[in-house]
Structure formats: C-alpha cells, structure tokens
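Single-letter residue listing:
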Amino acid sequence: MPAPSKQSRRRYDRDNSFRNRMSLIVETTEPGVRVLTIDRSAKRNAFDIQMYRGLADGIVAADRDPDVDVTVITGRGGIFTSGNDLADFRDHPNSRAPFDLLHALVDAEKPIIAAVEGVAVGIGASMLLHFDLAFAGRSTVFSLPFVKLGLTPEGASTLLLSRIAGYKTASELLLLGDKFDAGRAEKTGLINQAVDDGHALTAALDTAAALRALPAESVRLTKRLLHRDKLDVLRVIDEEAEHFIERCHSADAKAAIARFLG
C-alpha cells in the first residue's frame, strides 16, 4: 500500500491539532493505521457531547482517508471509558450525539479495532458490539448499567448482544447491569480476546498490521458482507434512542443520576 502523501499528512496534522483540543488524540503510529485515543483522564475518559462529536468525526475522517486502512480506538491512562459523563447527560438529556457516534461506527467501511483497558461502562461496552475486532486487558471491568440508571439500553444492544451471547446472557447483562470481567466479555463475544493488562493496544496494532497485509478491497468487501443487516441495526439504534431519550426525562433517571452525582 502506498505511503501517506504530503497532502494527506498536512490534513492529518490539521486534524490532529483540532482533535487534541477535543480530548481526542489522533495518531498514525504506522502507515495505514489511524489510532484514536480518548483523552479525558480527569473524567475517567467519560463522554460528553464534545467527546462524542470528536470521536464520531475522527471515525468518519479515518474511514474517508485513502491513506488509512484500519482504525484503532483506545483510551489514555489505562482506561477505555467510564461511559457517559452523567453531569453532561443531566444537562443535555435530548442530545443525539451518542447515537451519531454509533451511526459513525456502523457506517464505517474499513475495519475498526478496539483496545480496551481499565473500564468499559455503558456506551463504552455497548459500542464494542460495532467494532470488527476488540481486545481487552484481563482486569478490565465491563458493565451495562442502563436499567439501574432508570434508562434503557442503546447501541442496538437489545438486538446484537442477544444475537452473539444468547437471550439469557443478554437479559442478565442488560436487565441487572452488574459488572463483569474480560473473561466473560470474551465468552459472550463482546471482545475477541482477553490479554495481559497493558497489552490491549499492542494486540490491536498487531491485528491491524495483519489486516493491512491482506488485499484491502477483499477486507472491505468481506466487512460489507458481514454487515449486510446494517440497515436493520441502524433502525434498532434509532428505536432504542427514542426510548432512551424519553427515559432521560423520567423521575427514575433523574433520581438515579442525582444519587450518583451526590
């Protein structure tokens, strides 16, 4: 595959400067591999509206860049993401920024790989359903606490988690919202492999290199065929979004968020 052009590199430099201000580090660690690092460590890499938009834009930009073949998404400081910033969530209950991010993930035509460490909560776990491949440190803690917060699941998790893990497991993880470890995440199909702590990014980059060694058009066509139900997935994301936003205004959700924020 050709090396990045000077013009492309200038575009990357401009994008990198802009994204860094949005708590997203954009790097090309090796030719053809774009690494997007969530960098909001003061908030345990929790998503606010700006972060959602920045990551969605980063995914779209990488997918459209002819010099990028694979995107890797990770979190800085040994934390993937603690989910939605509940204060931001409380202040912007009608925001569709989380669902725009999910649409960007589903619409991407090139492979996207997750490197997960520390915690993956809420959308940090549900978004993994839309990655092509995912690796996590063994001590990573996952949870899908939507119901506990008076909300409903998002990210087409009511469709996809049941499909990959089975109805009983999906019901347990989504209804009870309890924490689970990387071993169980691997068994349910949420990640490909649990690796030694601190090595998720290495595993993701090694896999990205393996993908780049393959014929790029064959990789993209295979991904497209694997996602032949994309329109159904997007429809479920939008259906869940309507219920989610409605529940954001409920007394249950407001009370749960207030308790969490103290």
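The preceding data block contains the structure.
Structure report, in brief. Only a predicted model underlies this, so the values are computations on that prediction, with no experimental measurement involved.

Applying the stated criterion across every chain, the model contains 17 salt bridges. Across the pair Arg 34 and Asp 65 runs a salt bridge, and its minimum N-O distance is 3.1 Å. One end of the pair, Arg 34, is in strand 2 (residues 33-38); the other, Asp 65, is in the loop between helix 2 (49-64) and strand 3 (70-75), with 31 residues separating them in the sequence. Side by side, Arg 34 and Asp 65 carry an identical accessibility label, which is buried. A salt bridge links Arg 220 to Asp 69, with the shortest nitrogen-to-oxygen separation between them at 3.2 Å. Placement of Arg 220 in helix 10 (residues 216-226) and of Asp 69 in the loop between helix 2 and strand 3 is noted, with a sequence separation of 151 residues between them.

Relative accessible area serves as the criterion here: at 9%, Asp 69 is assigned to the buried category. Along the sequence, Asp 69 and Pro 31 sit 38 residues apart, while their C-alpha atoms lie 8.8 Å from each other. A distance of 3.2 Å separates a polar atom in the side chain of Asp 69 from a polar atom in the side chain of Arg 220.

Here the focus is the sheet that holds strand 7 (residues 141-143). Spatial strand order, 5-7-8: three strands in an open sheet with mixed pairing. Single-partner strands in this sheet number two, and they are strand 5 (119-121) and strand 8 (180-181). As defined by bridge partners, strand 7 adjoins strand 8 across two bridges and the pair is classed as antiparallel. Note that in strand 8 the partner of Val 141 across the bridge is Asp 181.

Right, let's get into the sheet that holds strand 1 (residues 24-30). The mixed open sheet is built from six strands, whose spatial order is 1-2-3-4-6-9. Whereas interior strands pair on both sides, the edge strands pair on one side only; in this sheet they are strand 1 and strand 9 (193-195). In this sheet, neighbouring strand axes are inclined to one another by 20° on average, regardless of whether the strands run parallel or antiparallel. With three bridges connecting them, strand 6 (residues 133-137) and strand 9 associate as parallel partners. Considered in strand 9, the bridge of Ala 136 is made with Ala 194. Across the sheet, helix 2 lies against strand 1, strand 2, strand 3 and strand 4 (112-116), angled at about 175° from strand 2, the strand it touches most. Across the sheet, helix 9 (residues 200-212) touches strand 1, strand 2, strand 3, strand 4, strand 6 and strand 9, and the angle it forms with strand 4 is around 165°.

What counts, and where the lines are drawn
- Residues numbered from 1 in each chain as written.
- Predicted model: local features only at pLDDT ≥ 70, side-chain atom pairs only at ≥ 80, totals over all residues.
- Heavy atoms only, no water.
- Salt bridge = Lys/Arg side-chain N within 4 Å of Asp/Glu carboxyl O.
- Helix = DSSP H or I, 4+ residues; strand = E, 2+ residues; numbered from the N terminus.
- Buried < 20%, exposed > 50% of the residue type's maximum accessible area, 1.4 Å probe, protein only.
- Polar contact = N/O pair within 3.5 Å; in protein donor to acceptor, adjacent residues only side chain to side chain.
- Pairing = 2+ DSSP bridges.
- Axes fitted to C-alpha atoms, helices over the stretch in contact; angles between N-to-C directions.
- Contact = heavy atoms within 4.5 Å.

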